[in-house]
Structures are given as C-alpha cells and as structure tokens.
Amino acid sequence: MTNRVYNFSPGPAALPLPVLERVREEFLDYQGLGASIIEISHRTPQFEGVLAETVELLGELLEIPANYRVCFAHGGGQMQFSMVPLNLIALKPARKALFVHTGIFSGRTIDEASKWGTAEVVASGEETGFDRIPAIDPAALDQAASYLHIVTNNTVMGTRWAEFPDTGDLPLVGDATSEILSRRIDVSKFGLIFAGAQKNLGPSGLAVVIVREDLLGQALPETPVLLDYTRLVRDRSLTNTVNVFSIYVTNLVLHWLKDFGGLAKMEEQNERKAALVYQALDRSGFYRPLAHPESRSTMNLVFDLPSEELNQRFVEEADAEGLYKLKGHRERGGIRASLYNALPPEGAAALVAFMEEFERRNG
Ligand SMILES: *Cc1c(COP(=O)(O)O)cnc(C)c1O
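Residues numbered from 1 in each chain as written. Predicted model: local features only at pLDDT ≥ 70, side-chain atom pairs only at ≥ 80, totals over all residues. Heavy atoms only, no water.

Things to note about the pattern of salt bridges
A pair can form between side chains of opposite charge whenever their charged atoms are brought close. Summed over all chains, the structure comprises 23 salt bridges. For Asp142, the salt bridge goes to Lys96, with nearest N and O atoms at 2.7 Å. Placement of Asp142 in the loop between β4 (118-124) and β5 (147-151) and of Lys96 in strand β3 (residues 96-101) is noted, with a sequence separation of 46 residues between them. Judged by its relative accessible area of 28%, Asp142 is partly exposed. Of the charged contacts, one joins Asp214 and Arg212 as a salt bridge, the two residues approaching to 2.7 Å between their closest N and O atoms. (Salt bridge = Lys/Arg side-chain N within 4 Å of Asp/Glu carboxyl O. Helix = DSSP H or I, 4+ residues; strand = E, 2+ residues; numbered from the N terminus. Buried < 20%, exposed > 50% of the residue type's maximum accessible area, 1.4 Å probe, protein only.)

Concerning the site of the ligand
With respect to spatial proximity, 13 residues lie near the ligand, and among them Gln78, Thr155, Asp175, Gln198 and Lys199 are the closest. A distance of 2.8 Å separates an oxygen atom of the ligand from a polar atom in the side chain of Gln198. Lys199 is positioned with one of its side-chain polar atoms (N or O) 2.7 Å from an oxygen atom of the ligand. Considered on its own, the ligand offers 390 Å² of accessible surface; in the complex 87% of this is hidden by protein. Of the residues contributing to the shell around the ligand, the split by class is 3 nonpolar, 8 polar and 2 charged. (Near = heavy atom within 4 Å. Polar contact = N/O pair within 3.5 Å; in protein donor to acceptor, adjacent residues only side chain to side chain. Areas by Shrake-Rupley, 256 points an atom, 1.4 Å probe, with all protein chains shown as cover. Nonpolar A, V, L, I, M, F, W, Y, C, P; charged D, E, K, R; others polar.)

Regarding the packing of helix α3 (residues 79-88) against helix α4 (residues 104-113)
The contact between α3 and α4 brings their axes to 9 Å, and the two run at 45°. The pairing of α3 with α4 is recorded here as oblique in orientation. Regarding α3 and α4, the two cross each other, and that crossing is right-handed. In this structure, α3 contributes Phe81, Ser82 and Pro85 to the contact, and α4 contributes Phe105, Arg108, Thr109, Glu112 and Ala113. (Axes fitted to C-alpha atoms, helices over the stretch in contact; angles between N-to-C directions. Parallel < 35°, antiparallel > 145°, perpendicular 65-115°, else oblique. Left-handed = near helix turned anticlockwise from the far one by under 90°. Contact = heavy atoms within 4.5 Å.)

Side note on unusual backbone geometry
Here the residue pair Gly11 and Pro12 is connected by a cis peptide bond, since its omega of -10° sits within 30 degrees of zero. By the secondary structure assignment, Pro12 is in the loop between β1 (6-7) and α1 (17-26). One non-glycine residue, Leu181, adopts positive backbone phi at about 70°. The residue Leu181 is located in the loop between β8 (172-175) and β9 (192-196) in this model. Leu181 sits in the buried class, given a relative accessible area of 1%. Phi is positive for Ser237, close to 70°, though the residue is something other than glycine. As for its placement among the helices and strands, Ser237 is situated in the loop between α5 (229-234) and α6 (244-260). Classification of Ser237 by relative accessible area gives buried; the value is 4%.

Here we look at the environment of Ala353
Along the chain, the position of Ala353 falls in helix α9 (residues 345-362). On the basis of relative accessible area, Ala353 is assigned to the partly exposed category, the value being 43%. Sequence separation of Ala353 and Asp259 is 94 residues, and the distance between their C-alpha atoms is 30 Å.

What to know about the packing of aromatic side chains
Under the criterion given, the structure shown has 16 aromatic pairs. On the basis of an interplanar angle of 85° and a centroid distance of 6.0 Å, the ring pair of Phe303 and Phe314 is categorised as edge-to-face. In this pair, Phe303 sits in strand β12 (residues 300-304) while Phe314 sits in helix α8 (residues 308-320), placing the two residues 11 residues apart along the sequence. Neither residue differs from the other here; Phe303 and Phe314 are each classed as buried. Between the aromatic rings of Phe314 and Phe358, the centroid separation amounts to 5.2 Å while the plane-to-plane angle is 80°, which identifies the pairing as edge-to-face. With Phe314 in helix α8 and Phe358 in helix α9, the pair connects residues that are 44 residues apart, well separated along the chain. We classify Phe358 as buried; its relative accessible area is 0%. What links up through ring pairs into an aromatic cluster is the set Phe286, Tyr287, Phe303, Phe314, Phe354 and Phe358. (Phe/Tyr/Trp six-rings, centres within 6.5 Å; stacked < 30°, edge-to-face > 60°.)

Some thoughts on α4
With respect to burial, α4 is a largely interior element, 8 of its 10 residues being buried. Among the residues of α4, those classed as buried are Ile104, Phe105, Ser106, Gly107, Thr109, Ile110, Glu112 and Ala113. Looking at the buried residues of α4, the elements they touch are α3, β3, β4 and β5.

Observations concerning the sheet that holds β3
Pairing is mixed across the open sheet formed by 7 strands, whose spatial order is β2-β10-β9-β8-β5-β3-β4. The open sheet has two free edges, formed respectively by β2 (68-74) and β4, since each of these has just one partner strand. Strand after strand, the sheet turns through a mean of 20° between neighbouring axes, direction not considered. Inspection of the sheet shows β2 paired to strand β10 (residues 206-212) by 7 bridges, in the antiparallel sense. By the bridge assignment for β10, Val70 is matched with Ile210. Sheet strands in contact with helix α2 (residues 45-62) are β2 and β10, and its direction is about 125° off that of β2. (Pairing = 2+ DSSP bridges.)

Side note on the packing of helix α7 (residues 262-284) against α9
Look at α7 against α9: their axes get within 9 Å of each other, and the N-to-C directions meet at 5°. In terms of axis orientation, α7 runs roughly parallel to α9. Contact residues: Gln269, Lys273, Leu276, Val277, Ala280, Leu281, Arg283 and Ser284 in α7; Pro345, Ala348, Ala349, Leu351, Val352, Met355, Glu356 and Glu359 in α9. Each residue belonging to the contact of α7 with α9 can be placed in one class, and the counts come to 10 nonpolar, 2 polar and 4 charged.

Below is the structure:
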C-alpha cells in the first residue's frame, strides 16, 4: 500500500487499513447482491443483519450489562449535547443538570443544556488552564439534580478521567467520543454513555448511545421524534433512514478490534503508544506537555514548543515526513498528536524519532 501517512488527525481520524481495504473490496457488490451496501434499503435483511451484529459486537467488546440498550443517533457527538438534556433533564422536578467543566466540549454542552433547565458547574479545570481533571466529592453532589455530565476524554486539552466517580443514584453521563473502545470501562457506573463515531469507530455523522433502561421514557414533550432515545431504542435505531455507511464501517472496525484481541489488548497497546511519546516529552525540556501526569490522555497528546514559530515549523516539517495533522486545535494552538486505536505503534515510534531529530536541529 503506497502513500499512506501516519495519520494523527483528531477526527475524522485514521481507520484501520484492513477495514478500508474490505470496504473497497465489497463497495460495488456487497456480498453478491450486485449493489453497494449504500444503495440498498436500511430495512433489507442484509443491512438489518449488519445493524444487529454491530449492537452485539459493542455489547461484547464493552461488556455492556443486560439492563442497558444501544442505539444509533444522527448528528455526531454534538447532537448528544441536545439529546441528553431533552431526554434526561426532566428525570427530576428540579430540571437541573450538573457538569464538570474540563474543556471546550464540556463548555458547549453546558450552554446547550441550559436551554431546557438549570446547568450547574460543580467543578472546573479552568483555573489551571484545563491541564487536569478537577477533583469532585461525589457525596456533595445535589441529589435533586437529574444527572452529572462528564467528558471522559478531553480531545482538545489531552486530559482524561483516570477513574470515574461513583455517583450512586445520580445518573452519570459520559461523553466518550474521543476514547470509546480505547480502554476497558465499567459501563455500570454510567447512566448513559455516548460517542460520535469519527474517532475510534467509523465515519462521521453518527453517534452510538448506550443508555440504562430505567432512564428511558422521560423525554420532554417537545423532544423531536428523531432525538428521542425511547423511540430510537424501540425502533432499533430505524425510526428513519439511519446512517447506513457509518454503521457498516463501524461494524467492520468492531470486527477488526475483536480479531485484534479486544479491549484489554487494545488498552495495553494504547498505553504503550502514549507512554513512548510522553517519555520523549518528559525527558526533553524542549517540548512542554500540557496535561498533568495524573490526567494524561492516551488518545490526544497535547504539547508546545518554545515558540509559536517553532510550533509551526514542527507541524510543517512533520507533514513533509508523512506525519499528518499534528497541529493543535484552533482554539488551543500548539501541537496535538491523536493516537487513536487505528494508529499503529510504528506511527508513535516515527513521531518520537522525528521529535528527537527536530530537537537536535532546533533545541
Ligand atoms: C469530537 C468530539 C465531539 C464532537 O463531535 P461532532 O461529531 O463533531 O459533533 C464531541 N465531544 C467530544 C469529547 C469530542 O472529542
């Protein structure tokens, strides 16, 4: 395979090469149908089979308990910033949602939720420049609130929750868009987990939602049908024409992950990839990692060089060497290396070799 870069894009992001090859192979003629998977009805047995299997594979890989349901929603990750309050904020009469503010995406979800109730920030990382996950005391959380929302991995700042809080009866909602399937996770700690597809799952525009059954049926009356989890769950995500292509590719990615050895093995590989780069950052003095060691993400590694000019030169020269998309988020600047599941360990090693060589020439 020629001309494939090491792709550090934050999202849409790299997909496993065998998955892309399989898509190419069967794109014109899906399993002898004489038509593409994207040319047939979402209600054909062929596609319904793919859909059901995708739900099954997610259940198996994430060890989703039996009292949870999985559905697919339109609109990517951020549509969930509206869907979660529409469906859950009325769980209690106070119509209040709690948030831990850990970066740009938690900020947006706070703004969105306040359209339908009270959005209260219980802890914020703002004072330390979002370099860590702030501590919270679960016992002090307002039990009159409907849920607590956290972003499990902060894509822009490169921090993640090392451990999830035990919130007892207060449902915990997790935005796992940029880390789903990158590590084992105890689903039973959450009332709801969602993830936009375009980082570790498949093409953009789709979201996976894992929701505990007892939280269904409480949506606000004005909730649009397509944004109502209860409807999506009841209709097995086929309330209208679902994102067929994204689900199909996600299905192949899940097979790839299962064949690789599942989440425990992927988690171990992700720890190794990230450690390689963090070690290079820590021993240098030239590179400045943003995240506090206890909150470091294995998916998005954010750092700065001594000047903006060096940041720019780093990104340009890396790109010329086939290390693609290392530029930081437009609202943060600096460098960000996204090491999602599909980035092979060789990609992390190539980045470290480039960093060392760049420092020698510019340090
Ligand atoms: C990428 C990302 C999103 C945004 O997803 P869209 O599909 O662009 O709406 C939301 N939350 C987190 C944590 C993300 O990393």
